[in-house]
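In case you want the letters, here they are:
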Amino acid sequence: WRNVPQANITWGYGDAWGAIGNAFNKSTTDMFHSSDTVTKDQAMVFDYGQAYQLDKFEYFPRPDLSNGTVYKMNVYTSLDGVNWKLAWDGENNAAWTYTQGATAAENVKTVDLGGVSARYVKLSVISSVGGFFAAAELAIHKVDGTKAFEVGSTLKNSAILDGDLSNLKNYM
């Protein structure tokens with residue numbers, strides 16, 4: 001979990017059947033579970049405060065693979081939280097399958113994010129057991145050895161500095 005940065009999570013659709021914090025506590029023995037069924041426009045948004053080069057997203061299903069286990073999910077990235085790029089097309093990729101009796105870690109589904117720079121990540125469930133959203137863990141990893149940077153810093157600094165302006169003048 002060393003490459004999983006902390007994020008502020010926005011989820012406005014309830015967690016009466018399993019607290020949202022359970023999806024981010026680094027344990028696959030408990031779970032987050034939405035209060036009601038979800039539609040694809042009811043997304044969970046991660047805000048990292050600054051941008052990261054993102055390596056992968058991991059979805060760990062609930063341990064018993066029942067209600068809320070995701071079969072199809074869209075994953076989007078954004079630098080500004082307004083303009084989104086589809087990073088994983090859950091509608092057009094094959095549905096995720098699972099092995100009954102395996103652990104959540106053995107059934108993990110991984111989406112390659114290919115080093116894309118993003119401050120925000122959005123998850124949108126397309127298809128799941130019962131139409132709910134459940135997860136033992138949701139983990140978005142940054143590229144190993146990279147650090148957070150301010151959106152707008154062409155040099156990937158933690159703040160926009162004079163060097164960024166010089167870089168823009170010289171190369172734009």
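All figures in this text were calculated on a predicted structure; none of them were measured in a lab.

(A) Focus on the overall build of the protein. Along the protein, the regular secondary structure elements total 1 helix and 8 strands. Scanning the protein from its N terminus toward the C terminus, one meets helices and strands in the order β-β-β-β-β-β-β-β-α. The C-alpha radius of gyration of the protein comes to 17 Å, within 12% of the 16 Å expected for a compact globule of 172 residues. Seen through its principal axes, the protein has C-alpha atoms that stretch 55 × 30 × 30 Å. For the protein, with 172 residues in total, the buried portion stands at 42%. For the protein, long-range pairs separated by at least 24 residues make up 74% of all intrachain contacts whose partners lie at least 6 apart in sequence. For the protein, the accessible area works out to roughly 8600 Å², and carbon and sulfur atoms hold 49% of it. Placing the 14 positive and 18 negative side-chain charges of the protein at their respective mean positions leaves the two points 5 Å apart.

(B) Fine view of the packing of aromatic side chains. Going through the model one piece at a time under the given rule, you end up with 11 aromatic pairs. Relative to Phe46, the ring of Phe24 lies with its centre 5.6 Å away and its plane at 80°, an arrangement referred to as edge-to-face. Of this pair, Phe24 sits in the loop between strand 1 (8-10) and strand 2 (32-33) while Phe46 sits in strand 3 (residues 44-60), and the two are 22 residues apart along the sequence. Overall, the relative accessible area of 25% leaves Phe24 in the partly exposed class.

(C) Layout of the pattern of salt bridges. Enumeration over the complete set of coordinates arrives at 5 salt bridges. Residues Asp47 and Arg119 are paired through a salt bridge, measuring 2.8 Å at the closest nitrogen-oxygen approach. Of the two residues, Asp47 sits in strand 3 while Arg119 sits in strand 6 (residues 109-128), which places them 72 residues apart along the sequence. Under the relative-accessibility criterion, Arg119 is labelled partly exposed at 21%. We note a salt bridge from Arg62 to Asp64, for which the minimum N-O separation is 2.6 Å.

Definitions and limits used
- Once a new chain begins, its residue numbering starts again from 1 and follows that chain's sequence as written.
- pLDDT decides what is reported in this predicted model: residues at 70 or higher carry local features, side-chain atom pairs at 80 or more are listed and counted, and totals for whole chains, interfaces and linings draw on all residues regardless.
- Hydrogens and water are ignored here; the side-chain numbers use all heavy atoms of the structure.
- Think of it this way: any DSSP run of H or I at least four residues long counts as a helix, any run of E at least two long counts as a strand, and we number them from the N terminus.
- Within these notes, the globule rule equals 2.2 Å times the number of residues to the 0.38 power, and the radius of gyration is based on C-alpha atoms.
- Each residue's exposure class comes from its accessible area (1.4 Å probe, protein chains only) as a fraction of the maximum for that residue type: buried when under 20%, exposed when over 50%, partly exposed otherwise.
- By definition, residues are in contact when any of their heavy atoms lie within 4.5 Å.
- Calculation of accessible area relied on Shrake-Rupley with a 1.4 Å probe; when residues are assessed, cover is drawn exclusively from the protein chains displayed.
- As used throughout, the charge tally considers Lys and Arg to be positive and Asp and Glu to be negative, leaving His and the chain termini uncounted.
- By convention, the point assigned to a charge is CZ for Arg, NZ for Lys, CD for Glu and CG for Asp.
- Two rings from Phe, Tyr or Trp (for Trp, the six-membered ring) form a pair when their centres are within 6.5 Å of each other. A pair whose planes differ by under 30 degrees is stacked, one over 60 is edge-to-face, and the rest are tilted.
- For this document, the term salt bridge refers to a Lys or Arg side-chain nitrogen within 4 Å of an Asp or Glu carboxyl oxygen.

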